[in-house]
Amino acid sequence: MHKEQAEEAEAQQSTLASTVVSERVSPGIGSQTPIAPAIHGLPGKPPEVNVDQLAFRAEQAKKAHDYEQAISVANTIIDRTDTTENQRALAWIVLGESLACKGDLAAGETELHKAEGNLAHGYRALSGLGAIAAANEKYDDAERMFRRSLSLVRENDNALAGLGICAMKRNHAQDGWDYFKKALEVNPENMRAICGLI
């Protein structure tokens, strides 16, 4: 009798174990178990963060002006072997923008150049390069970068605001205002454009 009970208990545990595994890998309808545990970690081990999650963290750190954190996470993305070309380009951009915000314009420019040819994110790298050129008072170079950026993405508020700054520095106030207005049509929260209109 004990042997039959033991075999039945073992069969139930086996069924339960295979149900848990299948639910983790492919949740059933109404299942509350996410797919993530099967993909990102095992019991007792910390879950591994995927590259997209890291990219989100890097962007959030940069937005919060935590440039050291943004730089650290961007470098992690760049160094990982499972990073795609587009993810690596975005990491170079976050790295370059963060370095520039910390005042290291030359290092920021180097990182942004690595991403300028990327089809998905090159427009952003070019806008960053334009901003660095403008910060160095190289307005011809800045305008060229902003225009290249706009040629890739027409609805690019940062490039439009950058052209506004270049126009204002050349004493072309009406052109500057027009660019700032266009930038605000794309993104009503663009601070460069708002400050340019004030």
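Residues numbered from 1 in each chain as written. Predicted model: local features only at pLDDT ≥ 70, side-chain atom pairs only at ≥ 80, totals over all residues. Heavy atoms only, no water.

## A word on the overall build of the chain
- The number of helices and strands found in the chain is eleven helices and zero strands.
- Of the regular secondary structure in the chain, the N- to C-terminal order runs α-α-α-α-α-α-α-α-α-α-α.
- In the chain, buried positions account for 38% of the 198 residues.
- Look at the contacts in the chain between residues 6 or more apart in sequence, and 38% of them connect residues 24 or more apart.
- In the form shown here, the chain has an accessible surface area of approximately 12,200 Å², with 54% of it arising from carbon and sulfur atoms. (Helix = DSSP H or I, 4+ residues; strand = E, 2+ residues; numbered from the N terminus. Buried < 20%, exposed > 50% of the residue type's maximum accessible area, 1.4 Å probe, protein only. Contact = heavy atoms within 4.5 Å. Areas by Shrake-Rupley, 256 points an atom, 1.4 Å probe, with all protein chains shown as cover.)

## What to know about the environment of K138
- With respect to the helices, strands and loops of the structure, K138 is situated in the loop between α7 (122-135) and α8 (139-152).
- By relative accessible area, which is 45% here, K138 ends up partly exposed.
- Through-space distance from the C-alpha of K138 to that of C166 is 9.2 Å; in sequence the pair is 28 residues apart.

## Thoughts on helix α9 (residues 157-169)
- Here α9 is 13 residues long and its end C-alpha atoms lie 18 Å apart, about the 18 Å a rise of 1.5 Å per residue gives.
- Listed as buried for α9 are D157, A159, L160, A161, G162, L163, G164, C166 and A167.
- Those residues of α9 hidden inside the fold are in contact with α7, α8, α10 (173-186) and α11 (191-197).
- Of the residues trailing α9, N171 is marked for its positive phi of about 65 degrees. (Expected span 1.5 Å × (residues − 1).)

## Section: the side chain of N118
- Mapping N118 onto the fold places it in the loop between α6 (105-115) and α7.
- At 2.9 Å, the side chain of N118 forms a polar contact with the side chain of N86.
- Among the polar contacts made by the side chain of N118, one reaches the main-chain amide nitrogen of A120 at a distance of 2.9 Å.
- Apart from the residues lying within four places of it in its own chain, the contact partners of N118 are E85, N86 and A89. (Polar contact = N/O pair within 3.5 Å; in protein donor to acceptor, adjacent residues only side chain to side chain.)

## Some remarks on the side chain of E59
- Mapped onto the fold, E59 is located in helix α3 (residues 51-63).
- Discounting chain neighbours no more than four positions away, the residues touching E59 are L90, V94 and R124.

## Things to note about the pattern of salt bridges
- For the structure on display, the rule yields eleven salt bridges.
- With a shortest N-O distance of 2.3 Å, D140 and R170 are connected by a salt bridge. Here D140, found in helix α8, pairs with R170, found in the loop between α9 and α10; they are 30 residues apart in sequence, far enough to count as distant.
- For D140, a relative accessible area of 58% gives the class exposed.
- Exposure remark for R170: the relative accessible area of 26% places this residue in the partly exposed category.
- Measuring nitrogen to oxygen at the nearest pair gives 3.0 Å for the salt bridge that ties E143 to R147. Pair noted here: E143 and R147 are both in helix α8, with a separation of four residues, about one helical turn.
- A relative accessible area of 41% means that R147 is categorised as partly exposed. (Salt bridge = Lys/Arg side-chain N within 4 Å of Asp/Glu carboxyl O.)

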